[in-house]
Amino acid sequence: GYDSNTVLKLIDDFEGFKDKVYKDGKGIDTIGHGLTDKKYISKGTITKEESLSGVKSHIDKEVMPHLKNKPYWNNLNDNQKSALISYVFNIGSGNFNTKSPSLQKALNASNWNEAAKQIDFGYNDKKNPGLRKRRDKERQLFLQ
C-alpha cells in the first residue's frame, strides 16, 4: 500500500490541472493532471475530482506494479513511497526502470541519502523551474 492522499496532493500541487484537452511538452493529447488515457481525452473536459480519480487509477494499474515488486519496496517508509510514486508518475515507469540506474543502485543498497540525491530526472531543465521545485519536494519528502 501507499498513502494515496499524500501522493495525490503532490501530484495536484506539481502537475497542474487543466479541465480541457491540451498538448503536453511532447505534443501528446493530455487532460487534467497529466492524463493521456483516451477514456479521459475523448470526453474533452474533466473535473478536478475525475482527474484525481484517474491519477489514482493510473498509479494503481501502471505505477504500483513496477514499484511493489522491487526488492527495496517493503523497506521504504510511507514518505519514501509517496516521493517515489510521484516521481514515477511524472517520468513514467519505463524511464524509471531504464534511465535512472544510479537511483536504482542506491535504492537496492538501501542508501536513502544517495537515493534522494538521484531523484533528478529532468531536474536540470533550466526551462522548467516547476520541475526543479517538484524534484526538491520529492527529495525532501523522501528523507523525512
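You'll find the structure just up there.
About the thresholds
Counting restarts for each chain, with residues numbered from 1 along the sequence as it is written. Note on the predicted model: pLDDT of at least 70 is required for a residue's local features to be given, and 80 or more for side-chain atom pairs to be given and counted; whole-chain, interface and lining totals, by contrast, use all residues. Side-chain measures here rest on the full set of heavy atoms in the structure, leaving out hydrogens and waters. Secondary structure elements follow DSSP: runs of H or I no shorter than four residues count as helices, runs of E no shorter than two count as strands, and numbering proceeds from the N terminus. A 3.5 Å cut-off defines polar contacts: any pair of N or O atoms within that distance qualifies, except that in protein one atom must be a possible hydrogen donor and the other a possible acceptor, and neighbouring residues in sequence count only when both atoms are side-chain atoms. In what follows, a contact means two residues having at least one pair of non-hydrogen atoms within 4.5 Å. Residue count minus one, scaled by 1.5 Å, sets the expected span of a helix. Accessible area is worked out with a 1.4 Å probe on protein chains only. A residue is then buried under 20% of its type maximum, exposed over 50%, and partly exposed in between. Arc definition: directions from the helix axis to the C-beta atoms. Between any two strands, at least two bridges found by DSSP are needed for them to pair. Buried and open spaces are told apart on a 1 Å grid over the protein atoms alone, a cavity being a set of points where a 1.4 Å probe fits but cannot get out and a pocket being an open set with protein on both sides within 12 Å along at least five of seven lines. Residues with an atom within 4 Å of a point are the lining residues. Grid points are joined across faces, edges and corners, and a volume is the space filled by probe spheres set on the points. Each residue is assigned to one class: nonpolar for Ala, Val, Leu, Ile, Met, Phe, Trp, Tyr, Cys and Pro, charged for Asp, Glu, Lys and Arg, and polar for all the others, Gly among them. Each Phe, Tyr or Trp ring, with Trp reduced to its six-membered ring, pairs with another whose centre is within 6.5 Å; inter-plane angles below 30 degrees give stacked pairs, above 60 give edge-to-face pairs, and intermediate values give tilted ones. With axes taken as lines fitted to C-alpha atoms, and helix axes fitted only over the stretch in contact, angles between N-to-C directions fall between 0 and 180 degrees. Should an angle lie under 35 degrees it is considered roughly parallel, over 145 roughly antiparallel, and from 65 to 115 roughly perpendicular; all remaining angles are considered oblique.

Enquirer: Residue-level account of the side chain of Thr-30, with values.
Expert: Structurally, the position occupied by Thr-30 is in strand β2 (residues 29–32). Reaching out from Thr-30, the side chain makes a polar contact with the backbone oxygen of Ile-28 at a distance of 2.8 Å. If near-sequence neighbours (up to four positions away) are discounted, Thr-30 is found in contact with Lys-20, Val-21, Tyr-22, Asp-24, Leu-35, Thr-36 and Ile-41.

Enquirer: Can you lay out helix α8 (residues 129–142) for me, pointing to particular residues and giving the numbers?
Expert: Think of an α-helix as turning once every 3.6 residues; residues three or four places apart then point the same way. Taking 1.5 Å per residue, 14 residues should reach 20 Å; α8 reaches 20 Å between its end C-alpha atoms and fits that length. Buried residues of α8: Leu-131, Arg-134, Arg-135, Glu-138, Arg-139, Leu-141 and Phe-142, and no others. Seen end-on, α8 carries its buried residues on one side only, within an arc spanning 165 degrees. For α8, the elements touching its buried residues are α1 (4–15), α4 (78–91), α6 (101–108) and α7 (112–118).

Enquirer: Hey, could you go over unusual backbone geometry for me, with residue numbers and the actual values?
Expert: Within the chain, Ser-110 stands out as a residue other than glycine whose phi angle is a positive 55 degrees. You can see Ser-110 is positioned in the loop between α6 and α7. Classification of Ser-110 as partly exposed rests on a relative accessible area of 35%.

Enquirer: Mind laying out the pairing of β2, listing which residues take part and the relevant values?
Expert: Note that strand β1 (residues 18–23) and β2 share 3 bridges and pair antiparallel. In the strand pairing of β2, Lys-18 is matched with Gly-32.

Enquirer: Just give me the short version of the layout of surface pockets, but keep the residues and values in it.
Expert: Looking at the largest pocket, its volume works out to about 1300 Å³. Secondary-structure elements contributing two or more residues to the lining of the largest pocket are α1, β1, β2, α2 (38–41), α3 (48–67), α4, α5 (93–98) and α8. Sorting elements by how many residues they give to the lining of the largest pocket places α3 first, with 6 residues. Considering only residue class, the lining of the largest pocket consists of 12 nonpolar, 16 polar and 14 charged.

Enquirer: Report on the packing of aromatic side chains, specifying residues and quantitative values.
Expert: Under the counting rule described, the total for this entry stands at 2 aromatic pairs. Seen in terms of ring centroids, Tyr-87 and Phe-96 are 6.2 Å apart; in terms of plane orientation they differ by 80 degrees. Their pairing is edge-to-face. Among the residues examined, Phe-96 registers a relative accessible area of 0% and is labelled buried. Between Trp-112 and Phe-142 the ring centres are 6.1 Å apart and the planes differ by 70 degrees, which places this aromatic pair in the edge-to-face class. Here the residue Trp-112 occupies a position in helix α7, and Phe-142 occupies one in helix α8, the gap between them amounting to 30 residues.

Enquirer: Can you break down the packing of α3 against α4 residue by residue, with the values?
Expert: At a minimum axis distance of 10 Å, the contact between α3 and α4 shows a crossing angle of 100 degrees. The pairing of α3 with α4 is recorded here as roughly perpendicular in orientation. Contact residues: Val-55, His-58, Ile-59, Val-63, Met-64 and Leu-67 in α3; Leu-84, Ile-85, Val-88 and Phe-89 in α4. Here the contact of α3 with α4 is built from residues that sort into 9 nonpolar, 1 polar and no charged.

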